[in-house]
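# Structure assessment
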Amino acid sequence: MFSKLKQNKTIVTSIFSIAFSLNNCKMGIHGLTKLLGDHAPSSMKENEIKNYFGRKIAIDASMSIYQFLIAVRSEGNQLTNDSGETTSHLMGLFYRTIRMLENGIKPVYVFDGKPPMMKSGELAKRTERREEAQKLLDQATEQGDQENIDKFSRRLVKVTPQHNKECKELLDLMGVPYIDAPCEAEAQCAELVKGGKVYAMGSEDMDSLTFGANILLRHLTFSEARKMPIQEFHYSKVLEELELTKEQFVDLCILLGCDYCASIKGVGPVTAMKLIKEHRNIEGIIKHLQSKDKYTIPENWMFEDSRLLFLEPEVTPADQIQLKWKEPDEEGLVEYMVKQKGFSEDRIRNGAKKILKAKKTSTQGRMDSFFKVIPSSSPAVKRKKEDKKTPAKKKTNAGKFKAK
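Residues numbered from 1 in each chain as written. Predicted model: local features only at pLDDT ≥ 70, side-chain atom pairs only at ≥ 80, totals over all residues. Heavy atoms only, no water.

### Notes on the sheet that holds strand E9 (residues 230-234)
Taken in spatial order, the seven strands make up an open sheet running E1-E9-E8-E7-E2-E5-E6, and their pairing is mixed. Edge positions in the sheet fall to strand E1 (44-47) and strand E6 (178-180), since each has one partner strand and no second. Direction aside, the axes of adjacent strands within the sheet are offset by 25° on average. Taken together, the three bridges between strand E5 (residues 106-111) and E6 define a ladder with parallel strand orientation. Across the sheet, residue Phe111 finds its bridge partner in E6, namely Asp180. Together, E5 and E6 form the strand contacts of helix H8 (residues 161-174), whose direction differs from that of E5 by roughly 155°. (Pairing = 2+ DSSP bridges. Helix = DSSP H or I, 4+ residues; strand = E, 2+ residues; numbered from the N terminus. Axes fitted to C-alpha atoms, helices over the stretch in contact; angles between N-to-C directions. Contact = heavy atoms within 4.5 Å.)

### Some points on the state of the cysteines
Tallied over the entire structure, the rule returns zero disulfides. Cysteine Cys258 is unpaired, with the sulfur of Cys261 as its nearest cysteine sulfur at 4.4 Å. We classify Cys258 as buried; its relative accessible area is 8%. (Disulfide = S-S within 2.5 Å. Buried < 20%, exposed > 50% of the residue type's maximum accessible area, 1.4 Å probe, protein only.)

### Re the pairing of strand E8 (residues 215-218)
Neither face of E8 is left uncovered, since the one carrying Ile215 and Leu217 and the one carrying Leu216 and Arg218 both have all their residues buried. Of the pairings in the sheet, the one linking strand E7 (residues 200-202) to E8 comprises two bridges and is parallel in character. Looking across to E8, one finds that Met201 is bridged to Leu216. The sheet contact formed by E8 and E9 spans four bridges and is antiparallel. Looking at the pairing, Ile215 lines up with His234 of E9.

The structure is reproduced here in C-alpha cells:
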C-alpha cells in the first residue's frame with residue numbers, strides 16, 4: 001500500500017489539512033481557551049509561521065506523533081512499508097519538521113517520561129474508552145460500515161515506545177535535538193521556556209499554560225494548511241487580565257477540569273471563575289459550597305496533589321540542558337528512511353537538502369536576539385494599579401508635568 005502512496009504529492013498536504021481539525025478537541029484544561037477569550041483577550045493573539053523566524057521552540061513530541069498516527073492514513077489505515085511496519089509517524093515528523101526549519105524555526109522535541117501517579121485515573125479512563133472503541137470497531141467491521149470502521153480505528157491509536165524510538169532516530173539523522181522528559185512533556189517544555197532555552201513551546205494542550213509556560217503556540221504545526229492561524233498565548237497577560245496569582249490560576253484550571261483529578265460536578269467555566277474570584281482558592285470554595293446541595297464535591301478530592309504537580313512538576317532544570325542543531329546526515333537518512341522504512345529516495349534526499357539550506361539561512365538570526373528584553377518588574381505592575389486608583393485631576397496634572 002505504501003509503495004503506491006509514497007509518490008502521491010497529496011499525502012504531504014493531507015497531513016496538515018486533516019490534522020488541523022484534531023485541534024478542535026478539548027485537551028488539557030476544559031474550556032480554558034474560551035474563558036481566556038472572554039476574560040483575558042489581550043493574552044491571545046494570532047500570528048503566521050513566518051514571523052517565528054530564528055526562534056527556538058520546544059515541541060510536545062508525543063502529541064505530534066499521535067496526530068500523525070491518526071491523520072496520515074489511506075482508506076482508513078495507517079501507512080505501512082512492505083514489511084507491514086507503520087510509517088505514518090515518520091512521514092509526518094519528517095515533513096512537518098522540514099516545514100518549520102524552512103521557516104527559520106529551530107524546533108526541539110520533548111518526549112514524555114513516566115506518567116505521574118496522579119494521572120493513573122485518567123489513563124484508566126482512556127483504557128476503558130479504547131476497550132469500548134474496540135467493541136464498536138468489531139461491530140462496524142461485521143456490518144461493513146466503513147465510516148465507523150475509520151472512526152473507531154482512530155480511537156484505538158496509541159503512541160508506543162517503538163514509535164518514540166523511531167522518531168528519535170529520525171530526529172538524530174535530521175540534526176534536530178530532542179529531550180527525554182523525566183515526567184510530563186508539557187512541564188518540561190514550560191521549563192525550557194521559563195529558563196530561556198527556547199522562545200516558546202508548541203502544543204495543542206492548554207495544560208502548558210497551567211505549567212507556567214511564558215508563551216504557548218497552538219496550531220503552530222497546522223498552519224501549513226493555511227486554514228488556521230497560529231494562536232499565541234502570553235502567560236503574564238493571562239494572570240494580569242484575570243487578576244490572579246499563579247497559584248490561583250492553577251486552582252482555576254483544576255476547577256475547570258484537568259487530567260490529574262476530578263472536578264466539582266455542576267461547576268462550569270463561568271461559575272469556576274466567579275468562585276475563584278470570590279474565595280481565592282479551592283479550600284475557600286469547598287468551605288463555601290459544603291452547605292449547598294447544588295454542587296457535588298468529589299470524595300477524597302486530591303486537588304492539593306494536583307496543584308503541586310502543576311506548581312512543582314518533575315523536570316530537568318533548564319540550565320542543565322544543552323541544545324544543539326546539527327547538519328543532516330543525508331546518507332544516514334537514506335539508509336534509515338529508504339532502505340529500512342521504504343520511503344522514496346528522491347524525496348528523502350530532497351528533504352535532506354532542504355534541511356541543510358534552511359540551517360544555513362537560519363544562521364542570520366533575528367535582530368531582537370541581539371538585544372536583551374527586560375521583563376516588567378513587579379513595582380511597575382504595582383504602579384499601574386495605583387494609577388488606576390489615582391483621581392482624574394491628579395492624572396491630568398501628572399500628564400502635564402511629563403509633557404513639559
